[in-house]
Amino acid sequence: MDILANLSLGFSIALSPYTLMLAVIGCFLGTIIGALPGLGPSNGVAILIPLTFTLGLDATSALVLMTSVYYGAMYGGRISSILLNIPGDEPALMTTLDGYPMAKQGRAGDALVLSGVASFVGAFLATIGLMLLAPMLARVAYLFGPAEYFALYLLAFCTLGGMASNNQAKSAIASCLGLGIAMIGVDNNSGLPRLTGGNLHLMDGIDFLVAIVGLFAIAEVFFFIENHGKGSAIGVKLDKVTIPWKDIMETKWTMLRASLVGFVAGILPGAGASLGSFLAYMSEKSIAGKDSGFGTGAAKGIAAPEAGNNAAAGGALVPMLTLGVPGSGTTAVLLALLMTLNITPGPTLFTDRPEVVWGLIASLMIANFVLLLMNVPMVKIFVRVLQVPAWVLLPGVTMISFVGIYSLSGSYFDLILMVGFGALGYVLRKLDIPTVPVILGILLGGHMEDALRRAMVLSDGDATFLFSSPISIGLWIAAILGFVAPMFLRGILRKPQRVTD
Amino acid sequence: MASDRIFGLVVLMVALAYIASATQIQTSFLADPVGPKAFPMLVGALAAISALVLIVRPDPDPDWPVARTFGSLLVAIIVLVAYALALRPLGFILPTAIAAAILSYQISPRPGPAALSGIGLSVGLFLLFKFALGLGLVAFPKGLIG
């Protein structure tokens, strides 16, 4: 049994006191990050990356810390959805639909516990799925040559673009923006500078962390300045927290189905957790029929999106670890972390550095149990955290971002660039242009170009080489479908509106 | 309608400028069949086409804030840029307190709490970074302490 041997290796790393401590800290920070409105998982992970880097953590420790933050943020997102009717992160939007009505009926505690259990089921099953599927996919990934990788990157942009925006042209612009930024700097093949405009600061290219922190964290500050931090007061009362056994038993099949749906959605490159929670909610709604009370505080309506969302978070790690293609915005940020740590994700990661992969999987298992404990009996602590006012929180986030980026390079140029990206992020989000493709473009642009150029070297400039293997043809078809299909499905897949008071 | 068209036009201009500067990229003697120019030009062309689509078929306008809010956003950007420039010569505590206080005031316009949160954040974060996380921050400019 390969898996058992690998797992025991993983647990031997994950159960060391130091790693365990990092996992607990990560879970705690993550839940806070997820719970605070305006500080989603991508955001939070992005701000923490420069700090982990300067702390000098080794690869495994840093990865354990950040993925615990990632899982924690997925748990925490539900707290503000249920209590404030504000999704703490995008995938938690679906949880507001039934979570907030239930909380208004005076069952806030039940809603929090139920969603916590659903999160646990989703994340637990997804971690098992990751354990089984990732090594298999890693073996398939050996068949990938440069032509296949080029098509795979294209697929990621197309599915992400198709899902992330309501307008395909806008997501294409966002992807091009990221790819265009990635080209700046010294060309890997020829060693000559490209598109730097003679600016010495740009010779190294633009650090993706600068762009990520700017687009996510700094842009958020501008949004809070625009609306003066309104609507972040708790409107519902939270009394004693008890465990609603009846609701949990009633929703057990819902949780299992939603986990499966979420996990599959998460694996698709580019689709991610938002799609997972959305599909899980919609499919449960149609299974339950019209009189099920979805949208008015139904237990199944809380369990389904939370299980789906957390399962997708685990599923999104599969393509990220095996192929180096992130399945969601936050995994894109985690990919940035891997790149900063000089770990190349891909099939060789599983054979060359098994301790990283299996240590990570084992700590995800542990993180899950820690999170269940934190999120059910100790949920009141995090509710307290929600009461931190925006006028303390947002300046604090900004200053932490500045210190983080400054400690990376010590250059004021990067800081100004970060503010520029913040302003850009504000304009883009105002115009409903998704920012995740920009990040993905900056992260993957160099690899995508490399794949194309190596493919052309292999085929001596013959473009048909890009479509020469069955795998690449399949990926091209999937990419085109992923980009075009949402245009026609938009009528069916319309996102439900948020509940208004 | 108008904002998408304007944005499309801006993207189109940038894309064309990008393609133009991509044609100026030097190629080395170690040439591969694609070369360093082709991919940037491809990206630029794709962006230009998408921008044209956006100009032809724009979405409805978002709710833009009123002019005064734009003013305060501009102030925020200026404060952040000034903060970026001040961080090295003036040390951590002073610029952070001022910048955080201004941002706090902009989110919730009450001078007292804003000033307090500025000072609190700056001292608190300094202690956290310096002693808990061990980053090498400088509290005050060297000239001040002597």
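Each value, and the rule that gives it
Residues numbered from 1 in each chain as written. Chains lettered and ligands numbered in written order. Predicted model: local features only at pLDDT ≥ 70, side-chain atom pairs only at ≥ 80, totals over all residues. Heavy atoms only, no water. Helix = DSSP H or I, 4+ residues; strand = E, 2+ residues; numbered from the N terminus. Rg over C-alpha atoms; globule rule 2.2 N^0.38 Å. Buried < 20%, exposed > 50% of the residue type's maximum accessible area, 1.4 Å probe, protein only. Contact = heavy atoms within 4.5 Å. Areas by Shrake-Rupley, 256 points an atom, 1.4 Å probe, with all protein chains shown as cover. Lys, Arg positive; Asp, Glu negative; His and termini not counted. Charge placed at Lys NZ, Arg CZ, Asp CG, Glu CD. Axes fitted to C-alpha atoms, helices over the stretch in contact; angles between N-to-C directions. Left-handed = near helix turned anticlockwise from the far one by under 90°. Nonpolar A, V, L, I, M, F, W, Y, C, P; charged D, E, K, R; others polar. Salt bridge = Lys/Arg side-chain N within 4 Å of Asp/Glu carboxyl O. Buried area = accessible area lost by both parts, 1.4 Å probe. Polar contact = N/O pair within 3.5 Å; in protein donor to acceptor, adjacent residues only side chain to side chain. Patch = residues over 30% accessible without salt bridge, like charges linked within 9 Å, V, L, I, M, F, W, Y side chains within 5 Å. Parallel < 35°, antiparallel > 145°, perpendicular 65-115°, else oblique. Domains from an automatic or database assignment. Phe/Tyr/Trp six-rings, centres within 6.5 Å; stacked < 30°, edge-to-face > 60°. Core = buried A, V, L, I, M, F, W, Y, C linked by side-chain atoms within 4.5 Å. Expected span 1.5 Å × (residues − 1).

## Quick word on the overall build of chain B
Scanning chain B from N- to C-terminus turns up six helices and zero strands. Along chain B, helices (α) and strands (β) appear in the sequence α-α-α-α-α-α when read from the amino end. On C-alpha atoms alone, chain B measures out to a radius of gyration of 24 Å, which is more than a quarter above the 15 Å that the 2.2 N^0.38 rule sets for 146 residues. With the principal axes as the frame, chain B shows a C-alpha extent of 60 × 50 × 25 Å. When the 146 residues of chain B are sorted by exposure, 44% land in the buried category. Contacts spanning at least 24 positions in sequence make up 58% of the contacts within chain B whose residues lie at least 6 apart. Counting every atom, chain B has about 8,100 Å² of accessible surface; 75% of that belongs to carbon and sulfur. Counting 8 positive and 5 negative side-chain charges, chain B places the averaged centre of each group 19 Å from the other.

## Things to note about the packing of helix H2 (residues 17-35) of chain A against helix H4 (residues 59-84) of chain A
Residue and element names in this part refer to chain A. In the contact formed by H2 and H4, the axes pass within 6 Å of each other and the chain directions differ by 35°. Judged by the twist between their axes, the crossing of H2 over H4 is right-handed. In this structure, H2 contributes Tyr18, Thr19, Leu22, Ala23, Ile25, Gly26, Cys27, Gly30, Thr31, Ile33, Gly34 and Ala35 to the contact, and H4 contributes Ser61, Val64, Leu65, Ser68, Val69, Gly72, Ala73, Gly76, Gly77, Ile79 and Ser80. In terms of residue class, the contact of H2 with H4 is built from twelve nonpolar, eleven polar and no charged.

## Things to note about the pattern of salt bridges
Residues and elements named next belong to chain A. Counted by the stated rule, this structure contains eleven salt bridges over all chains. The salt bridge involving Glu220 is made with Arg429; its shortest N-O contact spans 3.2 Å. Here the residue Glu220 occupies a position in helix H8 (residues 208-227), and Arg429 occupies one in helix H19 (residues 412-430), the gap between them amounting to 209 residues. Residue class for Glu220 comes out buried when judged on its relative accessible area of 12%. A salt bridge links Lys246 to Glu250; the nearest nitrogen and oxygen atoms lie 3.8 Å apart. Of this pair, Lys246 and Glu250 are both found in helix H9 (residues 245-250), four residues apart, which corresponds to roughly one turn of the helix. Look at Glu250 and you get partly exposed, because its relative accessible area is 45%. Beyond isolated ion pairs, a larger network of salt bridges with shared partners links Arg107, Asp110 and Asp247.

## With respect to unusual backbone geometry
All names here are of chain A. Its identity is not glycine, yet Asn342 carries a phi of approximately 65°, on the positive side. As for its position among the elements, Asn342 is in the loop between helix H14 (329-340) and helix H15 (347-352). For Asn342, a relative accessible area of 67% puts it in the exposed group. Within the chain, Asp432 stands out as a residue other than glycine whose phi angle is a positive 65°. Within the fold, Asp432 resides in the loop between H19 and helix H20 (436-459).

## Remarks on the environment of Arg57 of chain B
All names here are of chain B. Along the chain, Arg57 falls in the loop between helix H2 (35-56) and helix H3 (67-90). Residue class for Arg57 comes out exposed when judged on its relative accessible area of 66%. Sequence separation between Arg57 and Ser104 is 47 residues, and the spatial gap between their C-alpha atoms is 39 Å.

## Focus: the interface of chain B and chain A
Each partner contributes to the interface: chain B provides 62 residues, whereas chain A provides 59 residues. Between chain B and chain A lies a buried interface of about 5,200 Å² when both sides are counted; carbon and sulfur atoms form 80% of it. Here chain B and chain A share two salt bridges between them. Of the charged contacts in the structure, one is a salt bridge between Lys170 of chain A and Asp59 of chain B, with a shortest N-O distance of 3.0 Å. Our enumeration of links across chain B and chain A arrives at six residue pairs in polar contact (both at pLDDT 80 or more). Among the elements that line the side of chain B that touches chain A, the one with the most residues is H3 of chain B, at twelve residues. For the side of chain B that touches chain A, the per-class residue count stands at 41 nonpolar, 14 polar and seven charged.

## Comments concerning a nonpolar patch on the surface
Residues and elements named next belong to chain B. Residues Ile6, Leu9, Val10, Met13 and Val14 make up a contiguous nonpolar surface patch of roughly 480 Å² in combined accessible area. Residue position: Val10 is located in helix H1 (residues 2-23). Here Val10 falls in the partly exposed class, since its relative accessible area comes to 45%.

## A few points about the packing of H8 of chain A against helix H4 (residues 93-107) of chain B
Relative to each other, H8 of chain A and H4 of chain B sit at 45°, their axes nearing to 7 Å. The orientation of H8 of chain A with respect to H4 of chain B, classified from their angle, is oblique. Counted together, Val221, Phe224 and Ile225 of chain A of H8 of chain A and Leu103, Gln106 and Ile107 of chain B of H4 of chain B form the full contact between these two elements. Taken together, the residues that form the contact of H8 of chain A with H4 of chain B break down as five nonpolar, one polar and no charged.

## So, the domain arrangement of chain B
For chain B, the domain assignment lists domain 1 (2-56) and domain 2 (67-145). The C-alpha-based centres of domain 1 of chain B and domain 2 of chain B are spaced at 39 Å.

## Description of the packing of aromatic side chains
Residue and element names in this part refer to chain A. What the rule picks out here adds up to 15 aromatic pairs over all chains. Between Phe120 and Phe369 the ring centres are 5.2 Å apart and the planes differ by 65°, which places this aromatic pair in the edge-to-face class. With Phe120 in helix H5 (residues 93-141) and Phe369 in helix H16 (residues 354-375), this residue pair connects regions lying 249 residues apart in the sequence. Residue Phe120 is classed as buried on the basis of its relative accessible area, which comes to 14%. On the basis of relative accessible area, Phe369 is assigned to the partly exposed category, the value being 43%.

## So, the nonpolar core
Counting 204 residues, the largest nonpolar core has Ile79 and Phe402 of chain A as the members making the most contacts within it. Per element, the largest residue contribution to this core is 18 residues, and it comes from H5 of chain A. Among the domains, domain 1 (2-56) and domain 2 (67-145) of chain B are the pair contributing at least three residues each to this core. Leaving out residues up to four positions away in the same chain, Ile79 of chain A has contacts with Thr31, Ala35, Leu112, Asn375, Val379, Phe382, Val383 and Leu386 of chain A. Counting residues in hydrophobic clusters, the runner-up holds six residues, among them Met94, Leu97, Tyr281 and Phe294 of chain A.

## A look at H2 of chain A
All names here are of chain A. Between the first and last C-alpha of H2 there are 27 Å, a value that for 19 residues agrees with the 27 Å anticipated at 1.5 Å per step. Where H2 is concerned, the buried positions are Thr19, Leu22, Ala23, Gly26, Cys27, Gly30, Thr31, Ile32, Ile33, Gly34 and Ala35. Those residues of H2 hidden inside the fold are in contact with helix H1 (2-14), helix H3 (41-55), H4, H16 and helix H17 (379-385).

## Section: the side chain of Thr67 of chain A
With respect to the helices and strands, the residue Thr67 of chain A is situated in helix H4. In contact with Thr67 of chain A, not counting residues within four places along its chain, are Leu334, Leu360 and Leu364 of chain A.

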